[in-house]
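Tertiary structure, described
Here is how the chains run, residue by residue.
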Amino acid sequence: MSAWITFDHDCADWTYQEGETSMPARQAEGVAGLWNKLSAHRAALLADEVGTGKTLQALGVMAQLWRMKPKARVLVMAPNRDICRHWQREYAKFVRRHYRESDNFVRRSCDAKPVYEARLAWSLSELAEAVEEQTHHFFITTIYSLSGLVRGEDAEDFDKLKDAAAKAFDIRSRLKKSMDGCGFDLLIVDEAHYFRNSEGKSQRAMAAREFFGPANDRLGDRALLITATPSHKSMDDISAILGYVTDVGDTKPEDLLKKYALRRLRRMKGLNGTYDKYSYRNELDVKADFEDPAAEMFFALYQKLLVEQQVKDGRRFLYGYLEGFESFEVQTCEDEQDSEEDVAKRDFQGAPDTEILTRLARMHESLGGLPAHPKYDALVSCCVPTDVFNAAIDVHEHKHLVFVRRIPSVREITKRINTAYDRQMGCKIAKALAPEDHEKKLKKWEANQWSREVFNRLFGREEETGDAVLLDGNDLASDEHNDADDAVYSNVANLFVVKKVGTHRSTDCSNFSLRLRKPESMFSLLLEPASDYRDGAYDYHYRKRSGDRSRDEYTSAALDARGGGEKRGAGVVADDQCYFKKKMSTLWGLMYCQLDPADRERIDWLARDTALVESFGQYLKNGFLFASPVIIELYCWYAEFRKSERAVDAQQRYQAFLMFIRNKKLRGSLALSYFRAALETFEALCEDWEDHKKNHWHVLMGLSSPAFYASGAVKDRQRLILGFNTPFYPNVLTATSVLQEGVNLHMQCRKVHHYGIAWTPGDNEQRVGRVDRLFGKVNAQLELEGRAELAIHYPYLARSFDEEQLASFIRDKHIIEERMDACRQSKSSSEIDLRNATEHWTNYLRKPTNGKSALAISDPFPYDPKEMS
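Residues numbered from 1 in each chain as written. Predicted model: local features only at pLDDT ≥ 70, side-chain atom pairs only at ≥ 80, totals over all residues. Heavy atoms only, no water.

Here the focus is the overall build of the protein chain. Of regular secondary structure, the protein chain possesses 28 helices and 18 strands. Buried residues in the protein chain amount to 61% of all 869 residues. A sequence separation of at least 24 residues applies to 78% of the contacts in the protein chain between residues at least 6 apart. (Helix = DSSP H or I, 4+ residues; strand = E, 2+ residues; numbered from the N terminus. Buried < 20%, exposed > 50% of the residue type's maximum accessible area, 1.4 Å probe, protein only. Contact = heavy atoms within 4.5 Å.)

If you want it as structure tokens, here you go:
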């Protein structure tokens, strides 16, 4: 395998050495082992631990198939569209970075691109049509497509499940007919635990049986199942998921694993060897106490009424109670349940306690408002830094991934975190604009929820000389902040956006932002790359005449001076080329002089490719302007500068501002900190987000709040995933189960918060696996320092039912975890077991070992080189 695939993305010459224990070696063994099992049994189960590169191994199997059978057809089924697009990106990256040969089997010799482009199909009917076209060999569709076959039939005698099965049968018949009766050469099912409820009365379960086909008429000649949690709730899950693609009969799950499965535990390469997950995972209880008597009374009444209801109805307690009473303040309901996932069973608008909470909340509102919610406050305290503008804190430390169960919680948490950020950002601005009486004005502004109107009234709008006319018009004033949920997002960040209409469509903040963006503004040079991409300055700008008026143009002249205009197609035809009185530097040039040798080498490497370094320039500029607190820092610098500046023209004022920054502000600034962080991760980001790189990272323009949320109603989740993997916003991403599986959120983040408890230990592991992955922030710290911490937070209300349910879950999870690692899962339940005492439950929280540690268990189902002998 390693003769034609490198499994080390940093080493094109990597080859497999027998006995090597590195992850690249284990991935090569994985491809070989899977191929052997598929050859012998026509089915295989790849159950490697989360974050071990299962997608890469599956792509290796695909490539081997095409080498042996060039016209082979492959179908990948993944849970939702986000994960389908992830497969599309990973496939392109695999061919470009991992596949060695341009052999016209996998990679074309003419342009080194894939021989077969991935064909995305969002429904089974669309998949059938794509296959019938006879022009593609690689197809990707969603698992959800099995759940959406039948919709809206309300007749009393209509059997929706039977009709779904019939339609799935018809689709399989169409597919096989268009492939000469043979079906797909390889079927890959990602997150195969979605099929663990094989006897369930759902469209997905009923349709899957007919779609995958019986033993004598399989849809796939070979089937590769992928899941990190094959025994998600019990060992019966293994029989269920394998039963869709092969005849399992009465074989015990343990024997099925021995026959079909590869299961290896992740080892991260570090300074002193390799590390298992228990070397660095640190589970933390986040205790929230009742300091407000009204809050304590609220929750005491809640618990009393809850117990009364449970006794009356005979219900059992299930995880998910008491996340909050957010739905009474926020009435928006996600009527559009996610069209890609069956999230309704795992996330909910309310729970059996909703009616109780509603009654109590209304009672409290009639007495003067809702009581405080200590659990929310504890989470916000964890996720919001004490000082947002403290550049001594590494940028990645601001990243937090929060999981909830109740859908309204995502909005409430996001709103509260953005409000906490607004408090700090608003204070920073008030001090800069009104240093003498900022406290009084700040209090009035905060009392009005940081509104634009009150900002303009309290702080006024200072007109500039020289280039004030540039702020007229609206050519750059389209709403970059297009989110429909403005009530949740940052009001202070929104000050820097020019609105299309309204009395207060602009602010002094938005005028400053325009000044940095409009090509006619001298200050638009500030965020341009240096002329030589290091510390070079600019000699000239353009002047364009139109009738009796002339217009200066700075950014296109700078682009042409760098030699990037031709490549970007952005050059302008100018009437005059006007030279500056003195050469004009940029913030980039000032920051370059502050960099250490390693970061300068990164810039030197980028500068070898003009298109790449220009892309980095756009990435940095959009991140500074729209998706970080850097824009507030720059604005506050400018507010302080203009109080004392005496320059007579725009060039002198610009030069004076640069000197002000260099002499008084740059060292220890957020701008410098974000510049370094952006340099560190840009190359890896480009690999995964090629489309956004080509589009000059415009996606960052819509990420202007510190916190965002992802749920079934949020359709464009890809931009949130991208932003979270950058040093820029969002700093805090709150999500329901839509981001629980199949997405990578690890490049900047090492902190997870389980605000709402997962249903099972398997779900919990999938959540943590979004950041516990190879080549992420934890891995980088292990390589640099030989130690790291992945912080896993469990906030709870002390001395309440909330603590009882968390204690029950943590205790059960600890007992189940090691068996789950070995794919020998004990049965788990989402019911809360209150028979055990709550005391001492924190002893079951995982704590990191110091340095390198030996695995508690070896790989349960390793690669066997003798399997095919």
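The strand order across the open sheet built from 6 strands is S10-S18-S17-S11-S16-S15, with neighbouring strands paired in parallel fashion. In the strand order of this sheet, the two ends are held by strand S10 (281-288) and strand S15 (707-710), each with one partner. On average, adjacent strands in this sheet sit at an angle of 20° to one another, irrespective of strand direction. Where strand S11 (residues 400-403) meets strand S16 (residues 732-735), 4 bridges bridge the pair, whose relative direction is parallel. Its bridge partner being in S16, Leu401 is matched across the sheet by Leu733. Relative to S15, helix H12 (residues 407-433) is tilted by about 175°, and along the sheet it contacts S11, S15 and S16. Helix H28 (residues 801-821) contacts S10 and strand S18 (790-797) of the sheet and is inclined by roughly 145° relative to S18. (Pairing = 2+ DSSP bridges. Axes fitted to C-alpha atoms, helices over the stretch in contact; angles between N-to-C directions.)

Turning to the packing of aromatic side chains, a few remarks are in order. For the structure shown, the criterion picks out 44 aromatic pairs. Judged by centre distance (5.4 Å) and plane angle (65°), the ring pair of Phe195 and Tyr244 falls under edge-to-face. Placement of Phe195 in the loop between strand S5 (186-190) and helix H6 (203-212) and of Tyr244 in the loop between helix H7 (236-243) and helix H8 (253-260) is noted, with a sequence separation of 49 residues between them. When the ring of Tyr554 is compared with that of Phe580, the centres are 6.2 Å apart and the planes differ by 5°; the resulting orientation is stacked. Here Tyr554 is found in the loop between strand S13 (549-553) and helix H16 (555-562), whereas its partner Phe580 is found in strand S14 (residues 576-584), with 26 residues between them in sequence. With relative accessibility at 6%, the residue Tyr554 sits in the buried group. According to the relative accessible area criterion, Phe580 is buried, its value standing at 8%. Aromatic rings pair up to connect Phe496, Phe512, Phe523, Tyr635, Tyr638, Phe641, Tyr654, Phe657 and Phe660 into one cluster. Residue placement shows Arg209 over the ring face of Tyr244; its charged tip is 4.4 Å from the ring centre. (Phe/Tyr/Trp six-rings, centres within 6.5 Å; stacked < 30°, edge-to-face > 60°. Lys NZ or Arg CZ within 6 Å of the ring centre and 35° of its normal.)

As a further point, take the sheet that holds strand S4 (residues 138-142). Strand order in the open sheet formed by 7 strands is S3-S4-S2-S5-S6-S1-S7, with parallel pairing between adjacent strands. Two strands in the sheet have a free side with no partner beyond their single neighbour: strand S3 (119-121) and strand S7 (261-262). Sheet topology note: the strand S1 (residues 43-46)/S7 ladder contains 2 bridges and is parallel. Counted as the bridge partner of Leu46 is Leu262 from S7. Along the sheet, helix H1 (residues 23-41) contacts S1, S5, strand S6 (223-226) and S7; its crossing angle with S1, the most-contacted strand, is approximately 150°.

Across the 10 residues that make up H6, a large majority, 7, are buried. Among all positions in H6, only Gln203, Arg204, Ala205, Ala207, Ala208, Phe211 and Phe212 are buried. Close packing links the buried residues of H6 with strand S2 (74-78), helix H4 (124-132), helix H5 (160-178) and S5. Gly213 sits one or two residues past H6 and shows a positive phi near 90°.

Within the secondary structure layout, Leu606 lies in helix H19 (residues 597-607). Relative accessible area serves as the criterion here: at 4%, Leu606 is assigned to the buried category. In this structure, the C-alpha to C-alpha distance between Leu606 and Phe682, residues 76 residues apart in sequence, is 9.7 Å. Apart from the residues within four sequence positions on either side, Leu606 is in contact with Leu612, Val613, Phe616, Leu679 and Phe682.

Applying the stated criterion across every chain yields a total of 49 salt bridges. Arg67 serves as the salt-bridge partner of Glu101, at 3.9 Å between the closest nitrogen and oxygen. Taken together, the positions of Glu101 in the loop between helix H3 (81-98) and S3 and Arg67 in helix H2 (residues 54-68) put the pair 34 residues apart, joining distant regions of the chain. What makes Glu101 partly exposed here is its relative accessible area of 33%. Measuring nitrogen to oxygen at the nearest pair gives 3.6 Å for the salt bridge that ties Asp716 to Arg719. The class for Arg719 is buried, based on a relative accessible area of 12%. (Salt bridge = Lys/Arg side-chain N within 4 Å of Asp/Glu carboxyl O.)

Turning to the environment of Gln64, a few remarks are in order. Take Gln64: it is sitting in helix H2. On a C-alpha basis, the gap between Gln64 and Met1 in space is 8.3 Å, while along the polypeptide they are 63 residues apart. Once residues lying within four places of it in the same chain are set aside, the contact partners of Gln64 are Met1, Trp4 and Trp35.

Turning to the pairing of S16, a few remarks are in order. Of the two faces of S16, the one holding Val732 and Thr734 and the one holding Leu733 and Ala735 are both buried throughout. In the sheet, S15 pairs with S16 via 4 bridges, with the strands oriented parallel. From the neighbouring strand, Ala710 faces S16, where its bridge partner is Ala735.

Attention now moves to the pairing of S15. Because side chains alternate across S15, one face comprises the buried residues Ala707 and Tyr709, and the other comprises Phe708 and Ala710, equally buried. Read as a crossover between parallel neighbours, the route from S15 over helix H25 (residues 717-724) to S16 is right-handed. (Right-handed = clockwise from strand over helix to strand, strands pointing away.)

Following Tyr729, the chain continues to Pro730 via a peptide bond in cis, the omega torsion being 5°. Positive phi, close to 65°, is recorded for Asn104, a residue that is not glycine. Mapped onto the elements, Asn104 comes out in the loop between H3 and S3. Residue classification places Asn104 among the partly exposed residues on the basis of a relative accessible area of 44%. Within the chain, Asp180 stands out as a residue other than glycine whose phi angle is a positive 60°. Owing to a relative accessible area of 71%, Asp180 belongs among the exposed residues under this scheme.

Below, the discussion takes up the nonpolar core. One finds Ile429, Trp445, Leu587, Phe616, Phe624 and Phe675 to be the most contacted residues of the largest nonpolar core, which totals 146 residues. In terms of residue count, helix H23 (residues 670-688) provides more of this core than any other element does, 11 residues in total. Setting aside anything within four residues of it in sequence, one finds Phe624 in contact with Leu527, Leu587, Met591, Val630, Ile631, Ala671, Tyr674, Phe675 and Phe728. Formed by 48 residues, the second largest nonpolar core is a distinct cluster that contains Leu146, Val189, Ala223 and Met235. (Core = buried A, V, L, I, M, F, W, Y, C linked by side-chain atoms within 4.5 Å.)

What follows is about H28. An ideal rise of 1.5 Å per residue puts 30 Å on 21 residues; H28 measures up with 30 Å between its terminal C-alpha atoms. The axis of H28 is deflected most strongly, by about 35°, at Ile815. Sitting at the amino-terminal end of H28 is Ser800, which places a side-chain oxygen 3.1 Å from the backbone nitrogen of Asp802. Once H28 finishes, Cys823 follows within two positions and takes phi at roughly 60°, a positive value. (Expected span 1.5 Å × (residues − 1). Bend = angle between axes of the 7 residues up to and from the residue. Polar contact = N/O pair within 3.5 Å; in protein donor to acceptor, adjacent residues only side chain to side chain.)

With that settled, consider the packing of H7 against H8. For the pair H7 and H8, interaxial distance at closest approach is 8 Å and the crossing angle is 50°. Judged by the inter-axis angle, H7 sits oblique to H8. Along this stretch, H7 crosses H8, giving a crossing that reads as left-handed. Contact residues: Ile238, Ser239 and Leu242 in H7; Pro253, Leu256, Leu257 and Tyr260 in H8. (Parallel < 35°, antiparallel > 145°, perpendicular 65-115°, else oblique. Left-handed = near helix turned anticlockwise from the far one by under 90°.)

Before going further, it helps to spend a moment on the side chain of Thr586. For Thr586, the position within the fold is in the loop between S14 and helix H18 (587-592). The class of Thr586 is buried, set by a relative accessible area of 0%.

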